[in-house]
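Structural description and commentary
Here is how the chains run, residue by residue.
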Amino acid sequence: AALGLLVALAPLFAVIAAAIKLDSPGGPVFYRQQRVGLDRRRNSGSRGEYAGGERRQNGGFGQLFGIYKFRTMIPDAEKQTGPVWATEWDPRITRVGRVLRKLRFDELPQLINVIHAEMRLIGPRPERPHFVAQLSAEVPEYLQRHHVPPGITGLAQVEREYDASVSDVARKIRYDLYYARHRSRALDMKILLKTIDVALRGRGAR
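What counts and how
- Once a new chain begins, its residue numbering starts again from 1 and follows that chain's sequence as written.
- Local features in a predicted model are, by the rule used here, given only for residues with pLDDT of at least 70; side-chain atom pairs are given and counted only at 80 or more, and totals for whole chains, interfaces and linings are based on all residues.
- Excluding hydrogens and water, the side-chain values take into account all heavy atoms of the structure.
- Structural elements are reduced to axes, namely lines fitted to C-alpha atoms, with helices fitted over the stretch in contact, and the angle between N-to-C directions of any two is expressed from 0 to 180 degrees.
- A helix here means a DSSP run of H or I that spans at least four residues, while a strand means a run of E at least two residues long, and both kinds are numbered starting from the N terminus.
- Crossing handedness: left-handed means the near helix sits turned counterclockwise from the far one by under a right angle, and right-handed means the same turn made clockwise.
- Note on definitions: a residue-residue contact is assigned when non-hydrogen atoms from the two residues lie within 4.5 Å.
- Any residue outside Ala, Val, Leu, Ile, Met, Phe, Trp, Tyr, Cys, Pro, Asp, Glu, Lys and Arg is labelled polar, Gly included; the first ten of those are nonpolar and the last four are charged.
- Burial classification: accessible surface area is computed with a 1.4 Å probe over protein chains only, and a residue below 20% of its type maximum counts as buried, one above 50% as exposed, and the rest as partly exposed.
- Like-charged residues within 9 Å of one another, or nonpolar side chains (Val, Leu, Ile, Met, Phe, Trp, Tyr) within 5 Å, are grouped into patches, provided each residue has over 30% relative accessible area and no salt bridge.
- Residue burial considers only the protein chains on display, and all accessible areas are found by Shrake-Rupley using a 1.4 Å probe.
- A pair is scored as a salt bridge if a Lys or Arg side-chain nitrogen falls within 4 Å of a carboxyl oxygen belonging to Asp or Glu.
- Take the number of residues in a helix, subtract one, and multiply by 1.5 Å to get its expected span.
- Directions from the helix axis toward the C-beta atoms define the arc.

1. Describing the packing of helix α8 (residues 166-182) against helix α9 (residues 185-201)
Packed helices, taken two at a time, are described by the angle their axes make and the gap between the axes. For the pair α8 and α9, interaxial distance at closest approach is 9 Å and the crossing angle is 145 degrees. For the pair α8 and α9, the sense of crossing is left-handed. From α8, Y178, Y179 and H182 reach across to α9, where they touch L187, D188 and I191. A class-by-class count of the residues in the contact of α8 with α9 yields 4 nonpolar, 1 polar and 1 charged.

2. Side note on unusual backbone geometry
Phi angles above zero are rare outside glycine, and D76 is one such case at about 55 degrees. Along the chain, D76 turns up in the loop between β2 (64-70) and α4 (95-103). Here D76 falls in the exposed class, since its relative accessible area comes to 61%. Look at A117: it is not a glycine, yet its phi comes out positive at around 65 degrees. Examined against the element boundaries, A117 turns out to sit in the loop between α5 (111-115) and β3 (120-122). A relative accessible area of 54% means that A117 is categorised as exposed.

3. Looking at a nonpolar patch on the surface
On the surface, M189, L192, L193, I196 and L200 cluster together into a nonpolar patch covering about 510 Å² of accessible area. Position of I196 relative to the elements: it lies in helix α9.

4. Considerations on helix α2 (residues 10-23)
Taking 1.5 Å as the rise per residue, α2 with 14 residues should run 20 Å; its terminal C-alpha atoms sit 20 Å apart, in good agreement. When α2 is considered as a whole, its buried residues turn out to be F13, I16, A17, I20 and D23. For α2, the angular spread of buried residues about the axis comes to 140 degrees, placing them on one side. Relative to its buried face, α2 has exposed residues pointing more than 90 degrees away, namely P11, V15 and L22. Buried residues along α2 sit in contact with α1 (2-8), β1 (30-36), β2 and α4.

5. Notes on the pattern of salt bridges
By the definition in use, this model includes 8 salt bridges. The salt bridge involving R181 is made with E141; its shortest N-O contact spans 3.6 Å. In this pair, R181 sits in helix α8 while E141 sits in the loop between α6 (129-138) and β4 (151-153), placing the two residues 40 residues apart along the sequence. Residue R181 is classed as exposed on the basis of its relative accessible area, which comes to 52%. E141 sits in the partly exposed class, given a relative accessible area of 43%. Two residues, R145 and D176, come together in a salt bridge whose shortest N-O distance is 3.0 Å. Taken together, the residues span a long stretch of sequence, with R145 in the loop between α6 and β4 and D176 in helix α8 at a distance of 31 residues.

Have a look at this one:
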């Protein structure tokens, strides 16, 4: 399915790439960002590494991988601040980037991650190692969302808006946990259909 979508959307990818270059010529069209995915250590019992090479002695963090996205911010957007969440009127977001985020088109390159078996179409959204370390310490049961493969879209994404703080994640975690415990093809189809509706309405975009 991901391969078919990638081929079908190739013309749209070309249009988006041209728009990004015209609007913000100083940076790349695509970028890769390190994210935390499925926790395979639940089965292997091995210990993994996360940001800074630090090890979790009790396990729980997932496998690191590079997520693909269309660039929606100015080049080197976090050079001065380090990892921070985007705000509603974030000045780092370009004009084209704001449209891509509104329609959720910035996430489309993650079809490549699905083909590489690093993600699925539906599942909890993968987070950056910096925020996983913070959220796992502040939000109970947060790491349980790594017990299923991450996805391009998920139940939390269609029911709630983008994360902008730890409190946002705390409110959304129950959706990820519900999905992890009740996932099925029927639920995936409901989430996929609702994702299309959310994208068309531009709800919750930052």
